[in-house]
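Here is what each chain is made of, one letter per residue.
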Amino acid sequence: NSLAGASTGGPAKVAVISSALCGMVSGSSVGNTVTTGSVTIPLMKKTGYQGEFAGAVEAASSTGGQIMPPVMGAVAFLMAEMTGIEYSSIALAALVPALLYYATLSISVYFIARRDNIAAADPDEIQPLWQVFKTGWPYAIPLVVLVALIVLGFSVQMSAFYSIWVTLAVGFIMNRKEMTVRNILKAFESTVKSIAPVAAACILAGIIMGSMSLTG
């Protein structure tokens, strides 16, 4: 909101940017929509966008999260499995198309806002960017660690493993009251549910590849 909220079509741009950022660590279009859409869709409707358009922007933005490195959808893992190409190389190749996808969405919502004369977000509700960064920058540390480990050649599994520990550490530092055993277990449950479709796809792909390689 600090980046784009005050510009023409700002609330819709916020949906695009937040979905891109969420897609970097999610890879799930449904999870992305639920996470960011609960905030961005009401924000868009509040500033004059039709409900159908607000939902469409969020759906299109969240779908693009599946090609947003470093964590992408199940297809990226299948590509690495079936081609033997390093996952980091596949993620790097997806970076430019993903950025172009979100740039196109941003331009589209800008021109639609100009056409429909949609107002920007209320400036009084927008915090200065430096203030947001000053208070929230530690939350970016796990993502930086994840990307750095993948680039350094660690496997995706080990990179995620170390990033999880960093995430827990940041949680205890930034918001100790919320880091209860119950909330941590809820986070684990949510993670298992979101990773199940990816794991199932990789397992089935492995069975197919194994059958083909053994039998021809």
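Residues numbered from 1 in each chain as written. Predicted model: local features only at pLDDT ≥ 70, side-chain atom pairs only at ≥ 80, totals over all residues. Heavy atoms only, no water.

**A word on the overall build of the protein**
Thought 1: Within the protein one finds nine helices and zero strands.
Thought 2: Taken from N to C terminus, the helices and strands of the protein fall in the order α-α-α-α-α-α-α-α-α.
Thought 3: Seen through its C-alpha atoms, the protein measures out along the principal axes to roughly 65 × 40 × 30 Å.
Thought 4: Within the span of the protein, comprising 216 residues, buried residues form 30% of the whole.
Thought 5: Taking contacts inside the protein between residues at least 6 apart in sequence as the whole, the part at least 24 apart equals 69%.
Thought 6: In the structure as shown, the protein presents an accessible area of about 13,200 Å², 70% of it carried by carbon and sulfur atoms. (Helix = DSSP H or I, 4+ residues; strand = E, 2+ residues; numbered from the N terminus. Buried < 20%, exposed > 50% of the residue type's maximum accessible area, 1.4 Å probe, protein only. Contact = heavy atoms within 4.5 Å. Areas by Shrake-Rupley, 256 points an atom, 1.4 Å probe, with all protein chains shown as cover.)

**Focus on the pattern of salt bridges**
Thought 1: The full count for this structure, using the stated rule, is two salt bridges.
Thought 2: Its salt-bridge partner being D116, residue R115 comes within 2.9 Å of it at the nearest N-O pair.
Thought 3: Judged by relative accessible area, which is 63%, R115 ranks as exposed.
Thought 4: Judged by relative accessible area, D116 falls into the partly exposed class, the value being 39%.
Thought 5: Residues K193 and E189 are paired through a salt bridge, measuring 3.2 Å at the closest nitrogen-oxygen approach. Linking K193 with E189, this pair stays in helix α9 (residues 181-215), spanning four residues, or about one helical turn. (Salt bridge = Lys/Arg side-chain N within 4 Å of Asp/Glu carboxyl O.)

**Observations concerning a nonpolar patch on the surface**
Thought 1: Taken together, the side chains of L152, F154, M158, F161, Y162 and W165 present a nonpolar region at the surface, about 650 Å² in accessible area.
Thought 2: Of note, F161 is situated in helix α8 (residues 156-174). (Patch = residues over 30% accessible without salt bridge, like charges linked within 9 Å, V, L, I, M, F, W, Y side chains within 5 Å.)

**Quick word on the environment of S29**
Thought 1: Relative to the helices and strands, S29 is located in helix α2 (residues 29-46).
Thought 2: Between the alpha carbons of S29 and S19 there is a distance of 9.0 Å; along the sequence they are ten residues apart.
Thought 3: In contact with S29, not counting residues within four places along its chain, are S62, T63 and Q66.

**Observations concerning the environment of A169**
Thought 1: Mapped onto the fold, A169 is located in helix α8.
Thought 2: Judged by its relative accessible area of 37%, A169 is partly exposed.
Thought 3: Remark: the alpha-carbon pair of A169 and P142, spanning 27 residues in sequence, is separated by 9.4 Å.

**Topic: the nonpolar core**
Thought 1: By size, the foremost hydrophobic cluster in this structure holds 16 residues, and its most contacted members are A12, V16, M44, Y49, V57, M68 and Y102.
Thought 2: Of all the secondary structure elements, the ones that give two or more residues to this core are α1 (10-25), α3 (51-63) and α5 (87-116).
Thought 3: In this structure, A76, A80, I90 and A91 belong to the second largest nonpolar core, which totals seven residues. (Core = buried A, V, L, I, M, F, W, Y, C linked by side-chain atoms within 4.5 Å.)

**Observations concerning the packing of helix α7 (residues 141-151) against α8**
Thought 1: Packing of α7 against α8 leaves a shortest axis separation of 9 Å and a crossing angle of 160°. Here α7 lies roughly antiparallel to α8, going by the angle between them. Read as a crossing pair, α7 and α8 show a hand that is right-handed. For the pair α7 and α8, the contacting residues are I141, P142, V145, L146, L149 and I150 in the first and S159, A160, Y162, S163, V166, T167 and V170 in the second. (Axes fitted to C-alpha atoms, helices over the stretch in contact; angles between N-to-C directions. Parallel < 35°, antiparallel > 145°, perpendicular 65-115°, else oblique. Left-handed = near helix turned anticlockwise from the far one by under 90°.)

**Comments concerning the packing of aromatic side chains**
Two descriptors summarise a pair of aromatic rings, namely the distance from one centre to the other and the angle between the planes of the rings.
Thought 1: Using the criterion set out here, one finds six aromatic pairs in the structure.
Thought 2: Measuring from centroid to centroid gives 5.4 Å for Y101 and Y102, while their planes differ by 85°, and the two rings are edge-to-face.
Thought 3: Look at Y110 and F111: their rings are 5.3 Å apart centre to centre, the planes differ by 70°, and that puts the pair in the edge-to-face class.
Thought 4: By relative accessible area, F111 is classed as exposed at 53%.
Thought 5: Counting every residue linked through ring pairs, the aromatic cluster contains F154, F161, Y162 and W165. (Phe/Tyr/Trp six-rings, centres within 6.5 Å; stacked < 30°, edge-to-face > 60°.)

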